[in-house]
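Here is what each chain is made of, one letter per residue.
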Amino acid sequence: MRRTLGFQSLTSLAGLIASRQISPIEIVNALISDIERLNARLGTYITICSESALKEALKAEKDILENGPSNPLHGIPIVHKDNIWTKGVRTTAHSKTLTNFVPNEDATVVAKLASKGMILLGKTNTTEFACGDMDVYGPSRNPWNPERFSGASSGGSAAALAAGLAIAATGSDTGGSIRAPASMCGIVGVKPTYGRVSRHGLIPLSWSMDNIGPMARTIKDAALLLEAMSGFDTLDPNSSKRPVPSFAEELKPDLAGMRIGFAKPYFFENLQPEIEQATLAALRQLEELGAELHEIILPSAANLAAPTNVLVMSEAFGRHAQNLKTYGSEYGPKARRRIAAGAFYTAAEVEQAAQIRATWNTELFKGLSTVDAFITPTLPHTAFTVDTQVQGPPDTSWATRHFNLSGYPALTMPCGFDSEGLPIGLQIIAKPFQEKTMFRVGHAYELATEWHQAKPPGLEDSNGK
Amino acid sequence: MENKLSFEWLRSETKRLGLALDDQDLLAIADTLEKTRKALAENHFSELGTEEPPYRFTPDTET
C-alpha cells in the first residue's frame, strides 16, 4: 500500500482523505521514505522539506479531523520547481550563483496553493535558470529509464510525478519547459494562457513568454491545481483580470460537437515513427469520442525557432545583465553563453523576430477560428540520453514554442509508448483563456485510454512493493 | 552581404558591456548568432512575400 500511495492521483487521495481512510501524515511519510530511497538514483529533488512537511501535515490532519477538508487540495503534498520562490526554503534555479538564496516571501502561486492547505514537500531539479546545464546538483533522470534524461527544464517535477515521488507539482514553461519533460516522463503538464497565472516569484527568463503551470498525473488533477493557481495579481502586471472558471467542471466522457484541428505539414514531419502512429491513433480516438477532425494550414509553423531564440535570450539578457557582470564566471557555460548571446542581437533583429511572431499569431488566430482545439505531437522523439543532453540535445521546443509566442494555453498528456517503453506525449492546444476546452478534450481521451495508468518498471522498494 | 561576425567586435562589445566572457564563450556565442541571423533573414515577412503583420501579442487583445 505504501509504495502505491505515490502513484495515486490527487483526486483519489483527496477522496481517501475526505473519507478518513488515509491521513496527510501517512501520505507525507510514504513520499519522504520513497524520496530518500530513490532521489540519489534519479536526481529529482534539490531540496527535500521533510521536517516542515511533517509539521504542515500534522496541522492539516488536525484541521481535517475537526472540520473536514476545506477543498480537494487540503492535506495534499505539492512540490515546486526550484526557480519558484518559497519563503524560508532555498531557491537555487540550479545555479551556483543562488546556492544560498532563501526568499523572504512565497511566489504568488506557492502562496495560493498553500492557502488551499497544500503541503510543501520539496523543490525539484531544473536546468540552470531554465536554460543551462545541471552540473551543480546533477542531472534529473527519467524514471522510465534512468540512462535517459527527464527533459528540461521542469524535469525534476515531471520525474517526481512519474516515479511516484510527488502527487502534484509546478513547473515553468518559456518554450516548452513544462510540456517537454511531461511528455518525456509520461505525465500531464499544462502551460496556461499567458496572464492566467501570476509569475510573481518566478526567477524569470523571458517576461513575454514565461508561464507557471501545474504538472500532475491526470487531467482532472491538473485542472484542480490550475484553478487554485490562477487569477489576477497586482504583483504581476501581465496577469489577467478575467474571472477564473472552475476548470474541473464540465469534464465529460465524450466530445460530441467539438471540432478538433491538426496540421500535417511541419507537425507530422520528421517524427519518430512510433510517435506518428501514436498521434494518429489518438486523433482516431478523439473522432470515436464524437469530435470532428479538420486539417488546418499553418505555413509559418516551421519558421519560429530563430525568432523565439532572439526574443527569449534578449529578454533573458535584460534580466541577467547585471548579474552576468558581477557573477558571470559562476554561471555554468551553457546558461552564460545562451543568455549573454542576447546582448548581441541588434534592434533590427529583435524587431524582425517580433514581426515573425506577429505573423504567426495572426496565422494561428485565423487557423484556429474554425476549430475548438488543435492537436500536435508534443515532441518528435521520446526521451534521449543524459549524455545527449550534456553534449547537445535535439530541439525540445519543436512543437511547443509556438504557443509561448502566441500565449495560447496548451497541455501535454501521455498517448503511448515507443518500442523501448518510453512515453509519448500528445499536445492539446485551445484558444486564449479556453483552458476548459483543452481539459475537456484531454479528460475524454484519458477516460478512453490507459496510458496514464502505466508505472515505470524497477522502482519497487526492497520488499517488492 | 557579409554576415560573418567580427570576433574582435564581439570582444570589444563584451568589454564595453563589462561581461565576464572568455574566448570559448565568444566562439559559442558567435556560432549561435550566425545561425540565428541566417534563419531570421530567411523568414523576414518581406522575404516570405507577405504583408507586414498587425502588432498583436497578448491573448487579451485577440478576443
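Residues numbered from 1 in each chain as written. Chains lettered and ligands numbered in written order. Predicted model: local features only at pLDDT ≥ 70, side-chain atom pairs only at ≥ 80, totals over all residues.

(A) Representation of the overall build of chain A in the model. From N to C terminus, chain A includes 15 helices and 13 strands. A principal-axis box enclosing the C-alpha atoms of chain A has dimensions of 60 × 60 × 45 Å. Out of the 465 residues belonging to chain A, those deemed buried represent 61%. Partitioning the intrachain contacts of chain A with sequence separation of at least 6 by distance along the chain shows that 78% fall at a separation of at least 24. (Helix = DSSP H or I, 4+ residues; strand = E, 2+ residues; numbered from the N terminus. Buried ≥ 20, exposed ≤ 12 C-beta atoms within 10 Å, placed from the backbone. Contact = placed C-beta atoms within 7 Å.)

(B) How the structure looks around the overall build of chain B. Counting its regular elements, chain B contains three helices and zero strands. Written out in order from the N terminus, the α and β elements of chain B read α-α-α. Taking all 63 residues of chain B together, the buried fraction comes to 16%.

(C) Layout of helix H10 (residues 305–327) of chain A. Between the first and last C-alpha of H10(A) there are merely 29 Å, a value that for 23 residues lags more than 12% behind the 33 Å anticipated at 1.5 Å per step. The largest bend in H10(A) is about 60°, located at A:His320. (Expected span 1.5 Å × (residues − 1). Bend = angle between axes of the 7 residues up to and from the residue.)

(D) Representation of the packing of helix H1 (residues 7–17) of chain B against helix H2 (residues 23–42) of chain B. Residues and elements named next belong to chain B. Close contact between H1 and H2 brings their axes to 10 Å; oriented N to C, the two are set at 115°. Between H1 and H2 lies a crossing whose hand is right-handed. The segment H1 lies against H2, with Phe7, Leu10, Arg11 and Thr14 engaging Leu26, Ile29 and Ala30. For the contact of H1 with H2, the residue count by class is five nonpolar, one polar and one charged. (Axes fitted to C-alpha atoms, helices over the stretch in contact; angles between N-to-C directions. Left-handed = near helix turned anticlockwise from the far one by under 90°. Nonpolar A, V, L, I, M, F, W, Y, C, P; charged D, E, K, R; others polar.)

(E) Examining unusual backbone geometry more closely. Residue and element names in this part refer to chain A. Cis geometry marks the peptide bond from Ala152 to Ser153, where omega comes out at 0°. One can find Ser153 in the loop between strand E5 (145–149) and helix H6 (155–162). Phi angles above zero are rare outside glycine, and Tyr266 is one such case at about 70°. Within the secondary structure, Tyr266 is located in the loop between strand E9 (259–262) and helix H9 (273–288).

This is a description of form; function is not addressed.
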